[in-house]
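# Structural features, examined
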Amino acid sequence: MVKRKAFMFLFVALFALTSAANAKTLRWGFASDALTMDPHSQNESPTINMLRQVYGTLVKRTAGLKIIPDLATSWEAATPTTWIFNLRKGVKFHDGSAFTAEDVKFSLERAAHPSSDYKPYVNTITGIKIINKYKIKITTKAPDPILPSYFTYVFIMDKQWSEKQGVTAPANFKANEESYAVRNTNGTGPFILVSREPDLRTVFKRNPDYYDGRVKIDKLVYTPIKEASTRVAALLSNEIDFLNDPPVQDLARLKATRGIKVMSTPQIRTIFLGMDQSAKTLRSNPDLGKNPLADKRVREAMYRAIDAVAIQKKIMRGLSVPAGMITAPGVHGYDKNLDQRIPYSPKVAKRLLADAGYPNGFKIRLDCPNDRYINDEAICQAAVSMLARIGVRASLNAQPKSIHFKSLSNSESDFYMLGWGVATLDSEYVFRYLVHTRSPKIGAWNHANYSNSEIDALILSIQKEVDNKKRDKMIHKVWKTIGDDITYLPLHHQVINWAMSDKVNIPIQALNETYFYQATID
Amino acid sequence: MLKFFAIRIVQGAIVMLVVALVSFTLFRYLGDPVNSMVSEDATIEDRELIRESLGLNDPVIIQYFRFIGNVVKGELGLSFRTRSSVANLLAQRLPATLELSLVSALFALIFGIPMGVYTALKPRALLSKFTLVGSLIGISIPTFLSGLLFIYVFAVILGWLPSQGRGGLVDLGLWKTSLLTFEGWSYIIMPAITLGLFQLTLIMRMVRAEMLEVMRTDFIKFARARGLSNRMIEYRHALKNSLVPVVTVIGLQLGSVVAFAIITESVFNWPGLGQMFIQAISFVDIPVMSAYLMFVGAFFVALNLTVDILYFLIDPRLREQ
């Protein structure tokens, strides 16, 4: 009896697998689900990627990161502080209602609402004026040259629908009831949300009226699978077709498997170590009586002690690019000449340490996350043993990201690991968070406590400068100065890997966004 | 009897309060939920605002009483992570965990008891020795490893069973079950066996030990003297008497299976409570974590109460006291 039952299970399972292999369905797996389907509630990359399947934006990026029209067909800066956007005609939301300038105004205002997580992208806007149904004028309080790149993240909602469903503002943190927009959508994007079970399964169908080319996938099924080995097994056993975060250690095996291909591209995220340069003494070694990190010679010694190429080869299995600056190729203002590392040399490093008055080195604690970046803890372990060779005796404190980032924001770390991606693909985004002096409105992630009034002034003018030539010069100056000051110890740029059935064709994108509207299945 | 009940219920309530207090004290060391709730672009000012509006700046004891107050009112709040209702989340996840535990417990019972009896009655048979050695291996392989082995063999190499998830569901209104379709069973079978492997070994070994013990007692000798058949003695007399302690253990084990299926659930991406809890921890999702811990606490309190009452009913000596 038991045997017969078991046999029946197997038979049925086989049947289930073959029937699921519908040619036009793409089954997609990833570690973590979108946090919400509300377009302005969570500014987090998996959430943005999911929303992008359903919602349109005024402008968007190609897989090569160029800005192109989406819901706006053209745009121009009429004066340094006003932008005119001409909107696409004949676009319909998924429920059939027409898209007009009203919806744009509504969405931009919703994104600026206090409970929105997208405020930083719209907070320079002071006025939104509807000129006609398909033309809108946007005024900013000061010139904002990168407004269009912010708009690649501001999703456009239907005003009528939002009013009808009572979701004219993103859910407030104090709310007691679930907002309708958390599980329901009405966008203009390439896919229509069919069903949404958070953390379990999300199903989309093709939007037949999509305005930017015919979508070739009929059905998109998303399954979050947290456990890395389970994710890989699901791909190997043909239960999913596409995985945009295969674990690095399985890539070689996936490549060698018939029917599966792996794609890679440098990611817009750079991993580096930060050193608190303003503290009076080290928190992790108060007996020292002073802060060695305040001395540039010490920082340079630590830089020279770290062999980034060895980390690339031994820990990242070749899947990283050693970095000399803390932003990646593809970001505006990136300079290949500045992205050269100061040569690795423990000998010079030792001499520098001795010059600075630490011939025997010193003790310090290195704080690291262990679940945030690719192989984060292993990288830190390597850095610790490399630093030990010049006498800097670092103890490793690797913790889950929730604790690591808490201790950073509480200013409890002297020496820490951080990775930085650049949403706007402009250097200003790096400067604003990592370089400007830390204060309530700007410099939130500058835990190195680097503070240079000249650079601060430059950053503020970069934010306003509309003359590209002048602006690029200023950006270059900031990069040069913080490089010379050894503000951070850059390690490497991460690489994105995608693994998929070789029947799937999709352009890989450096922000890890999946353009399923351009995907095909053979 | 009533007094006994009342005392146990008061004790249960105290246990729950302590569970809540301990969990709240622990949450402080898990990290900062606000950091995962806002984008990295958020200013320091914004973060402070949210922390204040969630009441995270209040002393732990005030947060604790606020939580207790809400639970009494029947409000579990919204998840920090998904902003969806925690009560809904629990209701959605509970069927998956209960079904998984039930199937794995049945598996352990159906195989564990006969195997225990057999190894006790025929200790010298080759099959007995083989089973005992096999059970040692079963008990010493950690769950995540046996789970991955199953996935590798049955899903990746043979392609017979799906490697992860929960499919083939039938919606019964409040409860989505995977036990009514063959497809549903194809999803549940591997995680259930993985989860039940340890229980199976435990039950088998307990039944065997108890059986051996009972078979040596006088009343079995007298039964033999009465000329009863072997079958009658073994199953009517011996097995029945050896099952009493086994039932107690099974009851408590079921509790721990429900509460701690965490590893199996994450390996098989089984959408149960354990998986929800793991996700909540990595996000410091305090409302979900506290609701889960309260649920597990309540479950154990109820289970213990049931076991106590069963004792009361089964054992005449307790009633007379």
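Basis of the calculations
Residues numbered from 1 in each chain as written. Chains lettered and ligands numbered in written order. Predicted model: local features only at pLDDT ≥ 70, side-chain atom pairs only at ≥ 80, totals over all residues. Heavy atoms only, no water. Helix = DSSP H or I, 4+ residues; strand = E, 2+ residues; numbered from the N terminus. Rg over C-alpha atoms; globule rule 2.2 N^0.38 Å. Buried < 20%, exposed > 50% of the residue type's maximum accessible area, 1.4 Å probe, protein only. Contact = heavy atoms within 4.5 Å. Areas by Shrake-Rupley, 256 points an atom, 1.4 Å probe, with all protein chains shown as cover. Lys, Arg positive; Asp, Glu negative; His and termini not counted. Charge placed at Lys NZ, Arg CZ, Asp CG, Glu CD. Buried area = accessible area lost by both parts, 1.4 Å probe. Salt bridge = Lys/Arg side-chain N within 4 Å of Asp/Glu carboxyl O. Polar contact = N/O pair within 3.5 Å; in protein donor to acceptor, adjacent residues only side chain to side chain. Domains from an automatic or database assignment.

Within chain A one finds 16 helices and 19 strands. Scaling as 2.2 N^0.38, a compact globule of 522 residues should have a C-alpha radius of gyration of about 24 Å, and chain A matches this with 25 Å. Expressed as lengths along the three principal axes of its C-alpha atoms, the size of chain A is roughly 75 × 70 × 45 Å. Within chain A, buried positions represent 58% of all 522 residues. Of all intrachain contacts in chain A linking residues separated by at least 6 positions in sequence, the fraction that spans at least 24 positions is 69%. Just so you have it, chain A exposes about 20,700 Å², and 51% of that area is on carbon and sulfur atoms. Charged side chains of chain A number 71 positive and 51 negative; the gap between the two group centres comes to 3 Å.

It is worth spelling out the interface of chain B and chain A at this point. Facing the 58 residues of chain B at the interface are 59 residues of chain A. In total, chain B and chain A occlude about 5,200 Å² of area from one another, counting both sides; carbon and sulfur atoms represent 56% of this. At the surface where chain B touches chain A, the tally comes to 3 salt bridges. Counting across the interface, chain B meets chain A through 5 residue pairs in polar contact (both at pLDDT 80 or more). Of all elements in the fold, only α2 (33-37), α3 (44-53), α5 (86-121), α7 (143-157), α8 (182-215), α11 (262-267) and α12 (273-283) of chain B reach the threshold of two or more residues within the side of chain B that touches chain A. It is α3(B) that contributes the most residues to the side of chain B that touches chain A, 6 residues altogether.

On to the domain arrangement of chain A, then. Residues and elements named next belong to chain A. What the domain assignment lists for chain A is domain 1 (26-221 + 503-521) and domain 2 (267-496). With centres defined by C-alpha atoms, the gap from domain 1 to domain 2 works out at 33 Å. In total, about 1,400 Å² of surface goes out of reach between domain 1 and domain 2, with carbon and sulfur atoms giving 65% of it. Our count for the contact surface shared by domain 1 and domain 2 stands at 0 salt bridges. At the level of secondary structure, the elements contributing two or more residues to the side of domain 1 that touches domain 2 comprise α4 (119-122) and α5 (147-151).

Attention now goes to the pattern of salt bridges. Here the structure, examined in full by the defined rule, presents 28 salt bridges over all chains. The salt bridge partner of B:Arg93 is A:Asp199, with a shortest N-O separation of 3.8 Å. You can see B:Arg93 sitting in helix α5 and its partner A:Asp199 sitting in the loop between β8 (191-197) and β9 (201-206), one on each of two chains. Look at B:Arg93 and you get buried, because its relative accessible area is 1%. A salt bridge links B:Glu99 to B:Arg166, with the shortest nitrogen-to-oxygen separation between them at 2.9 Å.

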